[in-house]
Amino acid sequence: MTDPIAAVLETAPLDPALAGFLAQAAAQGNPPLETLPLPVARQIYRDLAAGLGLPAPAIASANDRVIDGPCSPLTLRIYQPDAEGPLPLLLYVHGGGFVIGDLETHDKVCRTLCHDVAAVVVAVDYRLAPEHPFPAAVDDVACALRWVAAHARKLGADPSRIALAGDSAGAQLATVAALRAAGAIAPRALGLIYPVAQHYSEPSPSMVENGEGKFLTTGVMQWFIDCYLGGRQALARHADFALLHAQALDTLPPTWLATMGHDPLRDEGHALALRIAQAGVPTAHRRYAGAIHACIHFTAVSPLGTQVMADLAAWLRSQLALHSHPDHC
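Computed from a predicted model, the values in this text were never measured in an experiment.

### Details of the overall build of the protein chain
Along the backbone of the protein chain there are 10 helices and eight strands. Here the C-alpha atoms of the protein chain give a radius of gyration of 18 Å, agreeing with the 20 Å that 2.2 N^0.38 yields for 329 residues. Projected onto its principal axes, the C-alpha coordinates of the protein chain cover approximately 50 × 40 × 40 Å. Counting only residues that meet the buried cut, the protein chain has 57% of its 329 residues in that class. In the protein chain, of all internal contacts separated by at least 6 residues, the share reaching a separation of at least 24 is 80%. Between the averaged position of the 21 positive side-chain charges in the protein chain and that of its 30 negative side-chain charges there is a distance of 6 Å.

### Let's talk about the pattern of salt bridges
Within the structure shown, the criterion is met by 12 salt bridges. Among the ionic pairs, glutamate 104 bridges to arginine 77, the shortest N-O distance being 2.7 Å. Taken together, the positions of glutamate 104 in the loop between strand 3 (87–93) and helix 4 (107–117) and arginine 77 in strand 2 (residues 73–80) put the pair 27 residues apart, joining distant regions of the chain. According to the relative accessible area criterion, glutamate 104 is partly exposed, its value standing at 45%. Overall, the relative accessible area of 10% leaves arginine 77 in the buried class. One salt bridge connects aspartate 267 with arginine 266, and the closest N-O pair in it is separated by 2.9 Å. By relative accessible area, aspartate 267 is classed as buried at 12%.

### Considering the pairing of strand 2
Each regular strand carries side chains that alternate between the two faces of the sheet. In terms of strand pairing, strand 1 (residues 61–68) meets strand 2 through eight bridges, oriented antiparallel. Of the residues in strand 2, the one forming a bridge with valine 66 is threonine 75. What sits between the antiparallel neighbours strand 1 and strand 2 is a turn of four residues. As paired elements, strand 2 and strand 4 (residues 120–124) share four bridges and run antiparallel to each other. Along strand 4, the bridge assignment pairs arginine 77 with alanine 123.

### Let's talk about the nonpolar core
With 74 residues, the main nonpolar core has Leu89, Val122, Leu145, Leu173 and Tyr228 as its most contacted residues. Ranked by residue count, the leading element in this core is helix 6 (residues 169–181), at nine residues. Those residues in contact with leucine 173 that sit more than four places away from it in its chain are Val93, Phe98, Tyr126, Ala137, Val138, Val141 and Tyr228.

### A word on the side chain of threonine 217
Topologically, threonine 217 is positioned in the loop between helix 7 (205–210) and helix 8 (218–229). Within the structure, the side chain of threonine 217 is placed 3.1 Å from the backbone nitrogen of valine 220, a separation counted as a polar contact.

### Focus: the sheet that holds strand 1
Taking strand neighbours across the sheet as the criterion, the eight strands line up as 1-2-4-3-5-6-7-8 in an open arrangement whose pairing is mixed. Both outer strands of the open sheet, strand 1 and strand 8 (283–288), are each paired with one neighbouring strand and no more. Between one strand axis and the next, the sheet turns by 20° as a mean value, whatever way the strands run. Where strand 7 (residues 255–260) lies against strand 8, six bridges are found, and the strand directions are parallel. Across the sheet, the residue bridging to tryptophan 256 is alanine 284, located in strand 8.

### A few points about the environment of valine 120
Relative to the helices and strands, valine 120 resides in strand 4. The spatial distance from the C-alpha of valine 120 to the C-alpha of tyrosine 79 is 5.7 Å, given a sequence separation of 41 residues.

### Quick word on unusual backbone geometry
The omega torsion of the bond from glycine 85 to proline 86 falls at 0°, within 30 degrees of zero and hence cis. Relative to the assigned elements, proline 86 resides in the loop between strand 2 and strand 3. Omega for the peptide link from phenylalanine 134 to proline 135 comes to 10°, which places this bond in the cis form. Within the element layout of this structure, proline 135 appears in the loop between strand 4 and helix 5 (136–151). Of note in this structure, alanine 248 is not a glycine but carries a positive phi near 60°. One can find alanine 248 in the loop between helix 8 and strand 7. On the accessibility criterion, alanine 248 (40% relative accessible area) is partly exposed.

### So, the packing of helix 4 against helix 10 (residues 303–320)
Between helix 4 and helix 10, whose axes approach to 9 Å, the crossing angle comes to 45°. Relative to helix 10, the element helix 4 is oriented oblique. Here helix 4 runs over helix 10; the crossing is right-handed. Of the residues in helix 10, those touching helix 4 at Val109, Thr112, Leu113, Asp116 and Val117 are Met309, Leu312, Ala313, Leu316, Arg317 and Leu320. Split into classes, the residues belonging to the contact of helix 4 with helix 10 amount to eight nonpolar, one polar and two charged.

Thresholds, definitions, all that
Residues numbered from 1 in each chain as written. Predicted model: local features only at pLDDT ≥ 70, side-chain atom pairs only at ≥ 80, totals over all residues. Heavy atoms only, no water. Helix = DSSP H or I, 4+ residues; strand = E, 2+ residues; numbered from the N terminus. Rg over C-alpha atoms; globule rule 2.2 N^0.38 Å. Buried < 20%, exposed > 50% of the residue type's maximum accessible area, 1.4 Å probe, protein only. Contact = heavy atoms within 4.5 Å. Lys, Arg positive; Asp, Glu negative; His and termini not counted. Charge placed at Lys NZ, Arg CZ, Asp CG, Glu CD. Salt bridge = Lys/Arg side-chain N within 4 Å of Asp/Glu carboxyl O. Pairing = 2+ DSSP bridges. Core = buried A, V, L, I, M, F, W, Y, C linked by side-chain atoms within 4.5 Å. Polar contact = N/O pair within 3.5 Å; in protein donor to acceptor, adjacent residues only side chain to side chain. Axes fitted to C-alpha atoms, helices over the stretch in contact; angles between N-to-C directions. Parallel < 35°, antiparallel > 145°, perpendicular 65-115°, else oblique. Left-handed = near helix turned anticlockwise from the far one by under 90°. Nonpolar A, V, L, I, M, F, W, Y, C, P; charged D, E, K, R; others polar.

See the structure below:
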């Protein structure tokens, strides 16, 4: 499921700043992430996100709140912009392979979106694998979506202007939550940054091209999937995991999807964008040919991550405007 224009765009050279960053990282000779103790791997991700991203813009407040989750208390972080309400509301679902992300790794991302979209942003601290394998994470995200829909007004937000967004594993979880909510909640928009869309038994071309030396490796990705599915490979085609096998994609709201040219997940993201569009959903597929996976964390290294965030924020503003009528982009 490719098209010639996408192929041309996505064979552009790697951004020089990102290439230098990757070369420097390789020269350090650090062990692969999947070989490290889990607490160490999680702290490395926190440190990278904190150290390689530009400072986030100022917002009015950020506070944690604990709600009743499906099986245990669930923490949400609520970001309020310095803007007059009622405001749109964005539920943001962090990435990290279902294993290593948390509220801290994506704090700058959420603050940036809160400021740039002028929206209340609610981030969900869903349960992580391997301690809590599939479907714990998506159950938590679906619970958070129901909660924000019910409590939007108390947060100073307009319940008719709710959107979801996420990156990587978080983009996958946001999509499944939107599918589960069909008929009960009507999000206005769905923003997906380099989504996990399919666990391939046969590697895609982008997995082969970009599976080593470009931050996200095939080894790390396999570790993430093994942790999330708990070794239950029969779940690899479950519709709540493999989005390319999901039904009822036509129930999704207008969708913005970003793929990176030097990302192992590029091809599955491209295939997902095509499937959503073919289902009749207004779909904006943005291709960042010189970028790598996780670039939204590396904004102090390269402006490409900043551009991804700015483009998503602009699209969300248009979809969440008081009198907007979503169109194909």
